[in-house]
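What the coordinates show
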Amino acid sequence: MKKIFLPFLFALLLVLPFFLPRFYIYLASIILLTGLLATSLNFVIGYGGIYQFHHAVFYGLGAYATALMITKANMPYILSFLSAPFVSAIVSLIIGMICIRLTKLYFGMLQISLGSLIWAIIYRWYTFTGGDDGIHGVSMPEMISNTKGAYYFTLIIVAISMFIIWRIVNSPFGKTLQAIRDNPMRSLSIGIDINMHKLIAIVIAGTFAGIAGMLFVVVDNSVFPDMMFWTYSLEILIMCLLGGLYTFWGPFAGATSIVLFRTFVGAYTKYWSLMLGIILTLVIIFLPEGVFGFIEKLWKNRDKNNA
Amino acid sequence: MFSTELFSQLIVGLSRTTILFIVASGMSLILGVLRIPNVAHGSLYMLGAFISYTVVNFFGEGAYSFWLALIIAPIIVAFFGFLLERGFFSYLYDREHLMLLLLTFAFALIIGDLVKLIWGVEYKSLTTPEILQGSAEIYGLPLPYYNLFLLTVGPIIAIFLWLFINKTKFGKIARASAVDREMVSAVGINVSLVFAGTFVIGCFLAGLGGALIAPIVNISLGMDHSLIMEVFLIVIIGGLGNIWGTLLGSLIFGLTQSLGILIWPQFGIIFPYLAVVVVLIFRPKGLLESTW
Amino acid sequence: MKKHIFFTICFLFFMVLSNNVYSADVIKVGIVDTYSGPATTFTQDVLDGFTLALEEINTKGVLGKKIEFVTRDDKFKPDIALSMAKELVLKENVDILMGTINSASALAISDFCKKEKVPFFVTFAKSDKITGAKGHRYVFNMNENTEMAGRAAAKVLAKKPYTKYWIAGDDYEYGHAIANSVFNHLKQLNPKVQKVGESWWKVGETDFTPYITQILSAKPDFIIVATGGAGMVNFQKAAKSTGLNKKIPFYQHTGIELSTLMPQGQNAPEDVYGTANYLFYYPETKENKNFAETFKKKYNRHPKSGALYGYLTAHFIAKAFEKAGKVDREKFIDAMEGLKLKSPIGEVEVRKCDHQIMLPIFFGVTKKSPKYDFLIADKIVSVQAKDYMPTCEEVLKTRE
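Everything numeric in this text was worked out from a predicted model, so none of it was measured.

**Concerning the overall build of chain B**
Secondary structure summary: chain B contains 11 helices and 2 strands in total. Sequence-ordered secondary structure for chain B, helices as α and strands as β, is α-α-α-α-β-β-α-α-α-α-α-α-α. For a compact globule of 292 residues, the expected C-alpha radius of gyration is about 19 Å, and chain B comes in at 19 Å, within 12% of that figure. Reported as C-alpha extents along the three principal axes, the dimensions of chain B are approximately 65 × 50 × 35 Å.

Here is the structure:
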């Protein structure tokens, strides 16, 4: 059944714009790119066991790269789009190299401080980055400047990206990464270069986060420094947690819930942070594997009992 | 004149340091002993400021209300922390740090909105107590008495904390539990109570920081977000669980920020982050010994 | 896998659920503003003034319809403001958009409204780009902007004997805009003035001692202090505790407003110069007294500037629709241009060429009052719009 579900979903997504009002198409685009972002984080935290505490930085950098290339440098669109993953990859490489010597919490802390430094620079560099006003009204090529066009562009790029990530996860590299996560000592003893693997994983995650950032600019035509503020990094983490840190599609589903929640609940109540906090508390206490991890476990148990 | 500005900035930087230090030491304790990165610490600080506002208004604008608030507000915050610890954290100590961090983040969200619910969204404002109003004139330049007050409070609290952690029985047990909780428990001590006590003290400090800063800032929502990252970084560069390290970290942070703004106003705020990055690259575990 | 189906269904369900039926017998106004954090003290007034006006309007209705509104909280963030605006226009199908206190948000939404051809009323953001450089047919500004405030203040300051000016403020767009606007026009009117120094601090700064020290040692005659909403009270507190207000006179836009003075009670500094767009106790006309009393009775507090803006916006919207004759956005805009209205502070007009409201500005000095437990403005000079506003040519030139 799993084999036909994904194509079915994809087909559904293809025809969505034909019967949904514009606002929902826009929302769907946001969900798609946020799902990619969450999955990229999951790649490095869930599959890699690396404490990537400030993932939003790469997302924001990708977005800013694209926006700045288009508005300040007047670069052709293709180059601007490509600059996003390029910039994110380079920065994640640099940050990765600086932090890689540290483990666990310390890695996370150093990354947070580096990320905050970058945020502070972008935030204060008003003349170049627009500071806390951000940049808006970024122009887009004709074909994708409307809601539908942006949606299809996003859909295609997200689909391709998810496919690539899927392949990497299931490749020998991906398996090695998980082995390192589960038992670093053992992996070291059989000759695996732990740091190199982790570094590559960080760069991959950062690259896809940058792509997600670029897609945001396409869909929303704007960038804001809040995209790389530490609270957003935590929000992405929550998406992964909600959906299930160790599953492939979990974070995507988590992202969907959070975006929908933020849009609909946030619109109707002043206290959506309160609700988010309560839900998060419940999830952590009762379902540490995330909602989807939990359902998957149930499913597996069911299979086991039936077998 | 450069030197008077410098002097002035230094005083300001140092009084900021006091508040940072008090709040950060609370977080350092919690992180060092309980191994919980308490993202809600900023919210507790904010809670302290708001409660202080209410207490002062309750007792009227008399001279004593501020000092009362200074005692009552942190106690209430500490009690609230106690409820949180007993009600939630104590069941989750053996979970991964990540989970605990996210749980404290959830509480930060909840407390943030609770403050909004109870006190509303408008700015609140407190005046400095009469005794401390006005300023001393040094070389014709004003130095507000309240800032001088803060400058004395900081070191007093530092010494008090240091004595508490190193000279009292509770302090020694707490330090031991940070390093090896199984061993402490095997010796027959109720580690859970130790943790509760430490957490309560940490929360008290956060509330105290909030109560102390209340007269000189706008008491508003968003205080939690602006403080928490700074406090977090201070604790990291100082060394987890190390009071002197936290003091050192606060000094570095407070001073680099004040001086940074003096030297390069536009990008002044990046100096503390830069300092943190430099420290962490060369001494990733913090400047002074940490309990981990 | 089953969970994925579950999720898709949830999504579609949500979508269907929230697709409200568009009822044609109301005029829907969407308000995007900051209802969390410190800005709320201002925006709540806008909303309350707006609601008060609606009560009056809806007794008769407009073209046989009632005006309804929905609000969205943008949390003072431009990205949330923009997505809320999109939601209101694309999903809620509002006829008119209104908001917000954050200038960056206002500009972002203005961009969007231009693309979607939806009329947008700015209620508290003060960037002069709104009707100036980034102005267009679909945006209206219902409060003063930094250019206007600066010119009005300069007009009054030019008559004063001070020549050595120090400029200080919040280091962001608003701060610089106000400071430059005041000083540049002051210099045009009084060539004798000179700038002896500047200081800029980060937004949200709470400790002004080093800056005040710096200024005191430079000994200027007068200081132009360009703080934004949040910084007003903080700076005045610092001025009081360092005694700055007694040593060197200084000016702040909105320095004499209730929002700045009320939280400080009797402890606010005296002799602070300021401008304000609305004072509930001045002018003591019948209209103003009526408005202030009605507002106080309903909301249990005195109205501040925001209340006036909200009130005016509602009445302008109603009158423009009446004049247009039907609920048509383009006809509505045509009707708005040049529209005049009787208000608590006299007749006001929305200028045709740039869609900027023309308001009188009041200049005064803070002083204790036996009547109230907060300070009020004294020696009030009111500067009429036609005397200080930039001309149509000047404004339209910035749009090129």
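Further notes follow.
**Here's the deal with the overall build of chain C**
Helix and strand counts for chain C stand at 15 helices and 15 strands. For 400 residues, the compact-globule estimate of 2.2 N^0.38 gives 21 Å, and chain C sits close to it at 22 Å. Seen through its principal axes, chain C has C-alpha atoms that stretch 70 × 55 × 45 Å. Here chain C, with 400 residues, has 58% of them falling under the buried criterion. When contacts within chain C are restricted to residue pairs at least 6 apart in sequence, those whose partners lie at least 24 apart make up 69%.

**A closer look at the interface of chain B and chain C**
Counting residues at the interface gives 32 residues for chain B, matched by 27 residues for chain C. At the level of elements, α1 (2–34) and β2 (141–144) of chain B are the ones that each hand at least two residues to the side of chain B that touches chain C. Class assignment for the residues of the side of chain B that touches chain C results in 14 nonpolar, 14 polar and 4 charged.

**Regarding the nonpolar core**
B:Val23, B:Leu102, C:Leu97 and C:Ile109 are the most contacted members of the largest nonpolar core, which totals 329 residues. In terms of domain composition, this core takes at least three residues from each of domain 1 (23–144 + 289–358) and domain 2 (147–276 + 360–388) of chain C. Sequence-distant contacts of B:Val23, defined by excluding residues within four places in its chain, comprise B:His41, B:Tyr45, B:Leu205, B:Ala206, B:Gly209, B:Leu227 and B:Val231.

**Side note on helix α2 (residues 41–58) of chain B**
Residues and elements named next belong to chain B. With 18 residues, α2 ought to run about 26 Å at 1.5 Å a step, and its terminal C-alpha atoms sit 25 Å apart, in line with that. Counting buried positions along α2 gives 15 out of 18 residues, so the element sits mostly inside the fold. Following α2 by one or two positions, Gly60 has its phi on the positive side, about 80°.

**With respect to the sheet that holds strand β4 (residues 120–122) of chain C**
All names here are of chain C. Strand order in the open sheet made by the 5 strands is β2-β1-β3-β4-β5, with parallel pairing throughout. Since the sheet does not close on itself, it has two edges, and those belong to β2 (66–73) and β5 (139–141), each with one partner. Direction aside, neighbouring strands of the sheet carry axes that sit 25° apart on average. One ladder, built from 3 bridges, connects β4 with β5; its direction is parallel. Paired with Val122 across the bridge in β5 is Asn141. Sheet strands in contact with helix α3 (residues 78–91) are β1 (26–33), β2 and β3 (96–99), and its direction is about 170° off that of β1. The sheet contacts of helix α4 (residues 103–116) involve β1, β3, β4 and β5, and relative to β4 the element is tilted by about 165°.

**Focus on the sheet that holds strand β11 (residues 340–343) of chain C**
Residue and element names in this part refer to chain C. An order of β11-β12-β13 is seen for the 3 strands of this open sheet, with the pairing classed as antiparallel. Edge positions in the sheet fall to β11 and β13 (357–358), since each has one partner strand and no second. Alignment of strand β12 (residues 346–350) against β13, held across 2 bridges, turns out to be antiparallel. Residue pairing across strands places Glu349 opposite Met358, the latter belonging to β13. Lying over the sheet, helix α12 (residues 305–324) contacts β11 and β12, oriented at roughly 140° with respect to β11.

**Looking at the pairing of strand β6 (residues 164–170) of chain C**
Residues and elements named next belong to chain C. Of all 7 residues in β6, 6 are buried; the element is thus mostly enclosed. As defined by bridge partners, β6 adjoins strand β7 (residues 194–201) across 7 bridges and the pair is classed as parallel. If you follow Trp166 over to β7, its bridge partner there is Gly197. In this view, the connection linking β6 to its parallel neighbour β7 by way of helix α6 (residues 173–189) has right-handed handedness. Sheet topology note: the β6/strand β8 (residues 222–226) ladder contains 5 bridges and is parallel. Looking at β8, one finds that Tyr165 is bridged to Phe222.

**A short note on the packing of helix α5 (residues 145–167) of chain B against helix α6 (residues 169–179) of chain B**
Residues and elements named next belong to chain B. At a closest axis distance of 5 Å, the pairing of α5 and α6 adopts a crossing angle of 75°. Between α5 and α6, the interaxial angle falls into the category roughly perpendicular. Within the contact between the two elements, α5 uses Phe164, Ile165, Asn166 and Lys167 and α6 uses Gly171, Ala174 and Arg175. Tallied by class, residues from the contact of α5 with α6 come to 3 nonpolar, 2 polar and 2 charged.

**Regarding unusual backbone geometry**
All names here are of chain C. That bond from Tyr282 to Pro283 is cis: its omega, -5°, falls within 30 degrees of zero. Note on placement: Pro283 falls in the loop between β10 (273–276) and α11 (286–299). Phi is positive for Phe76, close to 60°, though the residue is something other than glycine. Note on placement: Phe76 falls in the loop between β2 and α3. A positive phi is found at Asp271, a non-glycine position, where the angle reads about 65°. You can see Asp271 is positioned in the loop between α10 (258–261) and β10. Using a count of 13 C-beta atoms within 10 Å as the deciding quantity, one classes Asp271 as partly exposed.

**A closer look at the environment of B:Gln257**
Residues and elements named next belong to chain B. Looking at the element boundaries, Gln257 is found in helix α10 (residues 243–263). For Gln257 and Leu14, which are 243 residues apart along the polypeptide, the C-alpha to C-alpha distance reads 10 Å. Ignoring sequence-local partners within four residues, the contact set of Gln257 consists of Gly13, Gly268, Ile269, Phe271 and Pro272.

**Digging into the domain arrangement of chain C**
Residues and elements named next belong to chain C. Segmenting chain C into domains produces domain 1 (23–144 + 289–358) and domain 2 (147–276 + 360–388). Counting residues at the interface gives 16 residues for domain 1, matched by 15 residues for domain 2. Along the lines of polarity and charge, the residues of the side of domain 1 that touches domain 2 split into 5 nonpolar, 7 polar and 4 charged.

**Some details on the pairing of β3(C)**
When a strand is regular, its side chains alternate between the sheet's two faces. All names here are of chain C. Of the two faces of β3, the one carrying Ile96 and Met98 and the one carrying Leu97 and Gly99 are both buried. Where β1 lies against β3, 4 bridges are found, and the strand directions are parallel. Within the sheet, the bridge partner assigned to Val32 lies in β3 and is Gly99. Handedness of the crossover joining β3 and β4 through α4 is recorded here as right-handed.

**Quick notes on helix α7 (residues 147–169) of chain A**
A rise of 1.5 Å per residue sets the reference length of α7(A), with its 23 residues, at 33 Å; its end C-alpha atoms lie 32 Å apart and thus fit the reference within 8%. Every buried residue belonging to α7(A) is among A:Thr147, A:Ala150, A:Tyr151, A:Thr154, A:Leu155, A:Val158, A:Ser161, A:Met162 and A:Ile165, and all of these are buried.

**A word on the packing of helix α3 (residues 63–87) of chain B against helix α8 (residues 191–213) of chain B**
Residues and elements named next belong to chain B. Their axes nearest at 7 Å, the elements α3 and α8 cross at an angle of 140°. The angle between the axes of α3 and α8 places the two elements in the oblique class. The two elements α3 and α8 cross, and the hand of that crossing is right-handed. Between α3 and α8, the residues in contact are Ala69, Leu70, Ala73, Pro74, Ile76, Val77, Ala78, Phe80, Gly81, Phe82, Glu85 and Arg86 and Ala196, Phe199, Val200, Cys203, Phe204, Ala206, Gly207, Leu208, Gly210 and Ala211, respectively. Broken down by class, the residue content of the contact of α3 with α8 amounts to 17 nonpolar, 3 polar and 2 charged.

**So, the environment of A:Pro141**
Residues and elements named next belong to chain A. Turning to its location among the elements, Pro141 is positioned in the loop between β1 (135–136) and α7. The exposure class assigned to Pro141 is partly exposed, which follows from the 14 C-beta atoms found within 10 Å. Sequence separation between Pro141 and Arg186 is 45 residues, and the spatial gap between their C-alpha atoms is 51 Å.

**What to know about the confidence of the model for chain C**
Residues and elements named next belong to chain C. Residues with a pLDDT of 70 or more make up 94% of chain C, whose mean pLDDT is 88. Looking across chain C, the model is least confident in helix α1 (residues 2–18), with a mean pLDDT of 54, and most confident in β4, with 96. If you check the scores for this complex, the pTM reads 0.81 and the ipTM reads 0.78.

What counts and what doesn't
- Just so you know, the residues in each chain are numbered from 1, in the order the chain's sequence is written.
- For this description, chains carry letters from A and ligands carry numbers from 1, given in the order in which they are written.
- Predicted model: local features are reported for residues with pLDDT of at least 70 only, side-chain atom pairs are reported and counted for 80 or more only, and whole-chain, interface and lining totals are derived from all residues.
- Secondary structure counts use DSSP, requiring at least four H or I residues in a row for a helix and at least two E residues in a row for a strand, with both numbered from the N terminus.
- We compute the radius of gyration from the C-alpha atoms alone; for a globule the expected value is 2.2 Å times N to the 0.38, where N is the number of residues.
- Exposure classes come from backbone-placed C-beta atoms, where a residue is buried if 20 or more other C-beta atoms lie within 10 Å of its own, exposed if 12 or fewer do, and partly exposed in between.
- Any residue pair is listed as a contact if its two C-beta atoms, each placed from the backbone, are within 7 Å.
- When residues are grouped by polarity, Ala, Val, Leu, Ile, Met, Phe, Trp, Tyr, Cys and Pro land in nonpolar, Asp, Glu, Lys and Arg in charged, and all others, Gly among them, in polar.
- Joining buried Ala, Val, Leu, Ile, Met, Phe, Trp, Tyr and Cys residues through C-beta atoms within 7 Å gives a set, and that set is a nonpolar core.
- For every domain, the bounds stem from an assignment made automatically or drawn from a database.
- A helix is expected to span 1.5 Å multiplied by its residue count minus one.
- A pair of strands is treated as paired once DSSP finds two or more bridges between them.
- Axes, fitted as lines to C-alpha atoms, cover a helix only where it is in contact. Angles between the N-to-C directions of the axes lie from 0 to 180 degrees.
- Crossovers are marked right-handed if the path from the first strand over the helix to the second runs clockwise, as seen with the strands pointing away from the viewer.
- The scheme is simple: roughly parallel for angles under 35 degrees, roughly antiparallel for over 145, roughly perpendicular for 65 to 115, oblique for anything else.
- Each crossing is labelled by how the near helix is turned from the far one, with a counterclockwise turn of less than a right angle marking it left-handed and a clockwise turn marking it right-handed.
- Within a predicted model, pLDDT stands for the predictor's per-residue confidence, ranging from 0 to 100.

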